[in-house]
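# Observations on chain architecture
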Amino acid sequence: MIIHYAEILISYAEALYEYDGSISDTKLEETINYVRNRAGFTVKLTNAFVQNNGLDMLQEIRRERMIEFIDEGLHYDDIIRWKTAEEVLPKAVLGLLYNSLDSPAIPENTLSARMTDANGYYKGEKLYDEGKIYVIEESGSRSFNPQRDCLYPVPSYEIGASGGNIKQNPHWGNEN
């Protein structure tokens, strides 16, 4: 398994905050801002920035993690670990603001059925504060059952090969 140094740094920042309910600007500089600097992003995450903008530091650290590892398949396990999957997964997945000037090759009429209206509504549900946001997945298309989905199912070949020593995780069927 390969782990990125950025994952170590962001996980450390998250652990520091979770342990104490706070994190110093020095630790933010050594972790989150170090990762941001490497990417050429010069805006720093500081306690003053979070406070002045009415933000939540834990959410900002988690957002940083989500952005840094956007295509690495970590977010699903993160939202289970954070115990937010039940809230996050049933919500609509939004794409980007569609601008026909930037994307003239795509006929606008084929996309309009999947975009928020001028007030950010899609099929009667307020999804965003702006219009023309593409809806990738509609609300309710995904779900999360915390009784079952916090654990993955054990593959049937593992159960069979164990000689009865391994049992299926709860609520995944074949329970004895």
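Scroll up a little and you will see the structure.
All of the points below concern the structure found in this document. Every residue gets a number counted from 1 within its own chain, in the order that chain's sequence is written. Selection of residues for local features in this predicted model requires a pLDDT of at least 70, selection of side-chain atom pairs for listing and counting requires 80 or more, and totals for whole chains, interfaces and linings are taken over all residues. By convention in this description, side-chain values take in all heavy atoms of the structure and omit both hydrogens and water.

### Description of helix 1 (residues 5-20)
The numbering of helices and of strands both runs from the N terminus, where a helix is a DSSP run of H or I of at least 4 residues and a strand a run of E of at least 2. For a helix, the expected span equals 1.5 Å multiplied by the number of residues minus one. With 16 residues, helix 1 extends 23 Å from end C-alpha to end C-alpha; this agrees with the ideal 22 Å at 1.5 Å per step. A 1.4 Å probe rolled over the protein chains alone gives each residue an accessible area, and that area as a share of the maximum for its type sets the label: buried under 20%, exposed over 50%, partly exposed in between. What helix 1 keeps buried is the set Ala-6, Glu-7, Leu-9, Ile-10, Ala-13, Glu-14 and Tyr-17. Positive phi appears at Gly-21, one or two residues downstream of helix 1, with a value of about 80°.

### A word on a nonpolar patch on the surface
Residues forming no salt bridge and having over 30% relative accessible area are the ones grouped into patches, like charges within 9 Å of each other and nonpolar side chains (Val, Leu, Ile, Met, Phe, Trp, Tyr) within 5 Å. Where accessible areas are quoted, they stem from the Shrake-Rupley method and a 1.4 Å probe; at the residue level, only the protein chains shown are allowed to cover. Salt bridge, as applied in this entry: a Lys or Arg side-chain nitrogen positioned within 4 Å of an Asp or Glu carboxyl oxygen. Together, Ile-3, Tyr-5, Ile-8 and Tyr-34 make up a nonpolar patch on the protein surface, roughly 430 Å² of accessible area in all. Tracing the sequence through the fold places Ile-3 in the segment before helix 1.

### Side note on helix 5 (residues 57-68)
Here helix 5 contains twelve residues, and its C-alpha end-to-end distance of 16 Å stays within 8% of the 16 Å for a straight helix at 1.5 Å per residue. All of the buried residues in helix 5 are Met-57, Leu-58, Glu-60, Ile-61, Arg-62, Glu-64 and Arg-65. Tucked inside the fold, the buried residues of helix 5 contact helix 1, helix 2 (25-30), helix 3 (32-38), helix 4 (47-52) and helix 6 (75-81). Definition of a polar contact: a pair of N or O atoms within 3.5 Å, with one able to donate and the other able to accept a hydrogen when the atoms are protein atoms, and with sequence-neighbouring residues admitted only if both atoms are side-chain atoms. Capping the start of helix 5, Asp-56 holds a side-chain oxygen 3.1 Å from the backbone nitrogen of Leu-58, two or three residues further along. Contacts are assigned to residue pairs that have any heavy atoms within 4.5 Å of one another.

### A few points about the pattern of salt bridges
Under the definition given, this model contains 15 salt bridges. Measuring nitrogen to oxygen at the nearest pair gives 2.8 Å for the salt bridge that ties Glu-14 to Arg-81. Taken together, the residues Glu-14 in helix 1 and Arg-81 in helix 6 connect sequence positions 67 residues apart. A relative accessible area of 5% places Glu-14 in the buried class. Judged by its relative accessible area of 44%, Arg-81 is partly exposed. Note that Lys-27 and Glu-30 form a salt bridge whose closest N and O atoms lie 3.3 Å from each other. Here Lys-27 pairs with Glu-30, and both are found in helix 2, just three residues apart, close to one helical turn. Look at Lys-27 and you get partly exposed, because its relative accessible area is 28%. Residue Glu-30 is classed as partly exposed on the basis of its relative accessible area, which comes to 40%.

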